[in-house]
Amino acid sequence: MRKVHRILRRRQEAARRKPPPQVARRTDCTSYAPGHTVHLIQWQRVTNHADVRALSWDARVIDLDGKLLTVQAEDVDRVVRYRHHDPVRLAAVVERGSRAAVNDRFALLHLAGGYFSIVPDEGQPLGPCPTDVLPEGAT
């Protein structure tokens, strides 16, 4: 019986560590700058390292206005606005009141529908989304 529980626990842990369901297509943004595409290493650091995961804070979505997402921390009275380059994908998974986890160190937002690279809103638009050129060093 212990062996069965151990196998089930390993399967659950493996399912939790699966990479984000983003398969890059040639028309997708190829930028890994904050606010654009989630990089695999960025995602792995937040999901596989307990010390980094502990730096994440719980929030609720207050508003989504185009590329601007407003979240409020659940434990303190703090409201933060973030930018993301793909408002269509973000709007597909976010609802007002949705729960989220924010990791500022690795600029990552986790919603029930996936992971999003974010950048705090400072009034400046995000850089362009290159779709025809892979980042330098990509294989």
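A.B. asks: Looking at this structure, I do not really get the pattern of salt bridges. What am I missing?
C.D. replies: Per the stated rule, a full pass over the model turns up three salt bridges. Where Glu74 meets Arg60, a salt bridge forms, and the shortest distance between an N and an O atom there is 3.3 Å. You can see Glu74 sitting in the loop between β2 (68-73) and β3 (79-83) and its partner Arg60 sitting in strand β1 (residues 57-65), a full 14 residues away along the chain. A salt bridge links Arg83 to Asp121; the shortest N-O distance between them is 2.8 Å. In this pair, Arg83 sits in strand β3 while Asp121 sits in the segment after β7 (119-120), placing the two residues 38 residues apart along the sequence. The class for Arg83 is buried, based on a relative accessible area of 14%. Its relative accessible area of 23% is what places Asp121 among the partly exposed residues.

A.B. asks: Just checking my understanding: could you explain the pairing of strand β6 (residues 114-117) for this structure?
C.D. replies: For a regular strand, the rule is simple: side chains alternate between the two faces of the sheet. Burial along β6 is two-sided: the face carrying Gly114 and Phe116 and the face carrying Tyr115 and Ser117 are both buried. Sheet topology note: the strand β5 (residues 108-111)/β6 ladder contains four bridges and is antiparallel. In the strand pairing of β6, Leu108 is matched with Ser117.

A.B. asks: What should I look at first to understand the side chain of Asn103 in this one?
C.D. replies: Tracing the backbone shows Asn103 in strand β4 (residues 99-103). Asn103 gets classed as buried once you look at its relative accessible area, which sits at 1%. A distance of 3.2 Å separates the side chain of Asn103 from the backbone nitrogen of Arg105, its partner in a polar contact. Looking at Asn103, its side chain comes within polar contact range of the main-chain nitrogen of Phe106, at 3.0 Å.

A.B. asks: Sorry, what's going on with the packing of aromatic side chains here?
C.D. replies: The description of an aromatic ring pair rests on the distance of the ring centres and on the angle between the ring planes. Scanning all chains against the criterion turns up one aromatic pair. Taking 6.2 Å as the distance between ring centres and 85° as the angle between the ring planes, the aromatic pair formed by Trp43 and Tyr115 counts as edge-to-face. Of this pair, Trp43 sits in helix α2 (residues 40-48) while Tyr115 sits in strand β6, and the two are 72 residues apart along the sequence. This pair shows no difference in class: Trp43 is buried, exactly as Tyr115 is. One cation-aromatic arrangement involves Arg78 over Trp57; the distance from NZ or CZ to the ring centre is 4.1 Å.

What counts, and where the lines are drawn
- Residues numbered from 1 in each chain as written.
- Predicted model: local features only at pLDDT ≥ 70, side-chain atom pairs only at ≥ 80, totals over all residues.
- Heavy atoms only, no water.
- Salt bridge = Lys/Arg side-chain N within 4 Å of Asp/Glu carboxyl O.
- Helix = DSSP H or I, 4+ residues; strand = E, 2+ residues; numbered from the N terminus.
- Buried < 20%, exposed > 50% of the residue type's maximum accessible area, 1.4 Å probe, protein only.
- Pairing = 2+ DSSP bridges.
- Polar contact = N/O pair within 3.5 Å; in protein donor to acceptor, adjacent residues only side chain to side chain.
- Phe/Tyr/Trp six-rings, centres within 6.5 Å; stacked < 30°, edge-to-face > 60°.
- Lys NZ or Arg CZ within 6 Å of the ring centre and 35° of its normal.

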